[in-house]
Amino acid sequence: MMNLPLSLSVLLMLAVIDWVSLRTIAFNISPLEAKSHSRSHDVEQAGKQQPSSTTRIDAATTFDLYDEKIALSSTPATARPKDPKVGVLLLNLGGPETGEDVEGFLYNLFADPDIIRLPALLSPLQSLVALIISKRRAPKSREAYNSIGGGSPILQYTKAQAELMAKSLSERHGIDAKTYIGMRYWYPFTEEALAQIREDDINALVILPLYPQFSISTSGSSLRVLQEEFAKHSDFYGPQKMFHTVIPSWYGRPGYVKSVADLIQKELDSFTPEEIAEGTSATQPIPKHVLFSAHGVPASYIEAGDPYKAQIEDCVEKIAALLPTEEEGVKVHLSFQSRVGPVEWLRPYTDDVLPSLGEQGVKNLVVVPISFVSEHIETLEEIDIEYRELALESGITNWRRSPALNTDATFIEDMADMVADALNEPSQSITEACVANNVGNLELETLSNQQEISSAGILGVGGSDDLRGKMKLRNGELFNGRIAMIGIVATLLIEFLSGKPLIHLFSW
């Protein structure tokens with residue numbers, strides 16, 4: 001492979017992609033990894049196929065494991081499992097486990113048309129574009145992973161959560177369930193988990209995204225993959241064969257709220273009398289501060305109906321209610337991290353809030369990674385290294401970071417309770433979860449292109465009048481964005497083939 005020239009083309013390309021609001025969000029990818037949300041390269045071709053059908057379980061369906069009753073609606077009919085075999089599918093984003101995985105991991109991100117949706121004429125170049133971007137970003141991204149031990153620990157934490165949750169589910173609820181892990185970016189992919197579910201002949205499946213708050217870019221994207229797979233294997237996932245239900249968000253559960261609050265309180269209690277005295281002054285009478293740092297998303301996603309911002313704010317309010325008040329010496333703040341590109345993301349930005357707190361005389365600060373349930377690069381590198389350094393430079397001398405939930409006992413028990421509740425309450429199908437949370441509102445194809453909207457959305461629902469009416473991009477903006485993308489991709493190809501930056505080709 002030739003040595004690729006260093007150029008601003010890739011950065012310009014990503015900027016244009018952000019500008020036209022293509023999917024450039026990932027809750028598990030640091031800014032060094034482009035913060036993009038994607039399906040794996042292994043299923044690129046499958047993702048392009050138009051699903052022929054969908055699986056829908058009526059919201060009135062329940063499956064009671066305790067009294068063996070199942071309440072069914074008249075349509076569509078759902079067969080009662082004679083011998084319930086319960087499975088729990090945990091959805092997460094994944095990450096490279098070693099430095100050697102980083103480039104392939106990035107390639108999988110950018111080879112996905114949902115990340116960089118090229119014009120139809122240039123779509124055959126998707127793999128080449130992904131190759132160029134992943135090669136140029138890999139060294140910097142690998143440095144970030146090396147700073148936290150060489151790879152992402154997210155799979156290890158997810159495995160531990162699954163094992164402990166299954167144990168709690170059995171001991172506390174008498175439900176024996178098999179757990180499966182479906183990652184979005186790296187092994188084990190969601191498709192691998194589904195293949196194992198079919199092999200195990202699971203007939204009652206609880207789908208649990210490990211994102212407390214729903215976002216179109218995380219839970220929504222994972223559910224898209226599931227919907228495609230369910231459509232391709234309707235003979236197995238159909239209502240006559242398997243009951244399934246989705247838990248789309250769970251940030252308001254008392255167990256989750258309490259587990260986060262307890263971890264924060266432990267950090268607040270760790271400030272010494274000397275540190276409290278240092279953090280108290282005439283200009284700053286409140287000695288302790290808590291900063292909830294949530295992963296950001298582009299503001300356009302919220303405008304299009306993504307419930308994430310409202311759920312984050314509600315979540316922080318619920319947790320803060322269990323913490324000391326300002327009168328008791330604790331003040332709560334909320335910010336958003338990990339923005340990428342030139343478009344407007346949710347504000348305020350964490351890297352703006354930290355200097356502001358320093359200017360206000362804050363000395364004692366607990367930072368809480370609110371949208372993450374396990375440690376990964378955005379907690380271990382972005383918060384623990386980058387933001388901590390910024391805080392110290394800003395005069396915040398006494399830094400604390402509340403750990404992610406990981407295998408916290410209260411959290412694990414609440415996960416088990418959540419699954420048990422889902423099996424005994426009205427179900428929510430994948431399609432229903434997508435529609436309820438406005439997945440499909442961010443499609444970027446023109447409204448007349450019904451086929452592409454349906455394929456990239458949630459089957460036919462993505463093109464409905466209700467959802468299409470919420471789209472914020474004008475056709476003119478889309479056209480201009482595509483023209484810019486064509487020019488940038490052409491520049492990339494010229495540089496790739498010539499081995500020189502484009503500007504050097506015209507220098508004398």
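Shown above is the structure to which this text applies.
The present account deals with the structure reproduced in this document. No experiment lies behind these values; they were computed from the predicted model shown.

Residues in a regular strand point their side chains to alternate faces of the sheet. Residues Phe243 and Thr245 line one face of strand β6 (residues 243–246) and the alternating positions His244 and Val246 line the opposite face, and both faces are buried. By the bridge criterion, four bridges tie strand β5 (residues 204–209) to β6 in an arrangement that is parallel. Pairing of Val206 across the sheet is with Thr245, part of β6.

Right, let's talk about unusual backbone geometry for a bit. Residues Tyr187 and Pro188 are joined by a peptide bond in cis, for which omega reads -5 degrees. With respect to the helices and strands, Pro188 occurs in the loop between β4 (177–183) and α6 (190–199). Here the bond from Arg347 into Pro348 is cis, since omega is 0 degrees, no more than 30 degrees from zero. Within the secondary structure, Pro348 sits in the loop between β8 (330–337) and α13 (350–359). You will see that Ser338, though not glycine, has its phi angle at about 70 degrees, which is positive. The residue Ser338 is located in the loop between β8 and α13 in this model. Within the chain, Asn438 stands out as a residue other than glycine whose phi angle is a positive 65 degrees. If you trace the backbone, Asn438 turns up in the loop between α16 (430–436) and α17 (450–456).

Considering all chains together, one arrives at eight aromatic pairs under this definition. For the ring pair Phe230 and Tyr237, a centre distance of 4.1 Å and an interplane angle of 5 degrees mean the geometry is stacked. Using a relative accessible area of 0% as the deciding quantity, one classes Tyr237 as buried. On the basis of an interplanar angle of 90 degrees and a centroid distance of 5.1 Å, the ring pair of Phe236 and Tyr237 is categorised as edge-to-face. In textbook terms, an aromatic cluster arises when at least three aromatic residues are bridged by ring pairs, as seen for Phe105, Tyr185, Trp186, Tyr187 and Phe189. Its guanidinium or amino end placed over the ring of Tyr349, Arg339 lies 3.8 Å from that ring's centre, counting from NZ or CZ.

This part covers the sheet that holds strand β10 (residues 398–401). For sheets, the rule is that strands pair by backbone hydrogen bonds, running either parallel or antiparallel. Taken in spatial order, the four strands of this open sheet run β8-β7-β9-β10, and their pairing is parallel. Each edge of the open sheet is held by one strand with a lone partner, namely β8 and β10. Put simply, the sheet's adjacent strands are angled 25 degrees from each other on average, direction ignored. Summarising the sheet, strand β9 (residues 364–369) and β10 pair through four bridges and their orientation is parallel. Residue pairing in the sheet places Val367 in a bridge with Arg401 of β10. Sitting on the sheet, helix α12 (residues 308–320) is in contact with β7 (288–295) and β8, with an inclination near 160 degrees to β8.

Moving on, we get to α6. Where α6 is concerned, the buried positions are Thr190, Glu191, Ala193, Leu194 and Ile197. One face of α6 carries all of its buried residues, which in axial projection span an arc of 155 degrees. In this structure, the buried residues of α6 make contact with β3 (86–92), β4, β5, α7 (219–232) and α8 (234–237). Directly after α6, the chain includes Asp201, whose backbone phi takes a positive value near 60 degrees.

Bringing the environment of Gly329 into the picture now. Its location among the elements puts Gly329 in the loop between α12 and β8. Once residues within four sequence positions are removed from consideration, Gly329 is found in contact with Ile286, Pro287 and Lys288.

With respect to the helices, strands and loops of the structure, His244 is situated in strand β6. Assessed through its relative accessible area of 0%, His244 is described here as buried. Only 3.3 Å separates the side chain of His244 from the backbone nitrogen of Ile430, close enough to count as a polar contact.

Bringing the sheet that holds β5 into the picture now. The parallel open sheet is built from four strands, whose spatial order is β4-β3-β5-β6. The open sheet is flanked by β4 and β6, the only strands paired with a single partner. Between one strand and the next, the sheet's axes are offset by a mean angle of 20 degrees, whatever the strand orientation. Pairing of β3 with β5 involves six bridges; the strand directions are parallel. Residue Gly87 lies in a different strand from β5, and its bridge partner there is Leu205. Here α6 sits on the sheet in contact with β3, β4 and β5, set at roughly 155 degrees to β4. Sheet strands in contact with helix α15 (residues 409–423) are β3, β5 and β6, and its direction is about 135 degrees off that of β5.

Cut-off values and rules
Residues numbered from 1 in each chain as written. Predicted model: local features only at pLDDT ≥ 70, side-chain atom pairs only at ≥ 80, totals over all residues. Heavy atoms only, no water. Buried < 20%, exposed > 50% of the residue type's maximum accessible area, 1.4 Å probe, protein only. Helix = DSSP H or I, 4+ residues; strand = E, 2+ residues; numbered from the N terminus. Pairing = 2+ DSSP bridges. Phe/Tyr/Trp six-rings, centres within 6.5 Å; stacked < 30°, edge-to-face > 60°. Lys NZ or Arg CZ within 6 Å of the ring centre and 35° of its normal. Axes fitted to C-alpha atoms, helices over the stretch in contact; angles between N-to-C directions. Contact = heavy atoms within 4.5 Å. Arc of directions from axis to C-beta. Polar contact = N/O pair within 3.5 Å; in protein donor to acceptor, adjacent residues only side chain to side chain.

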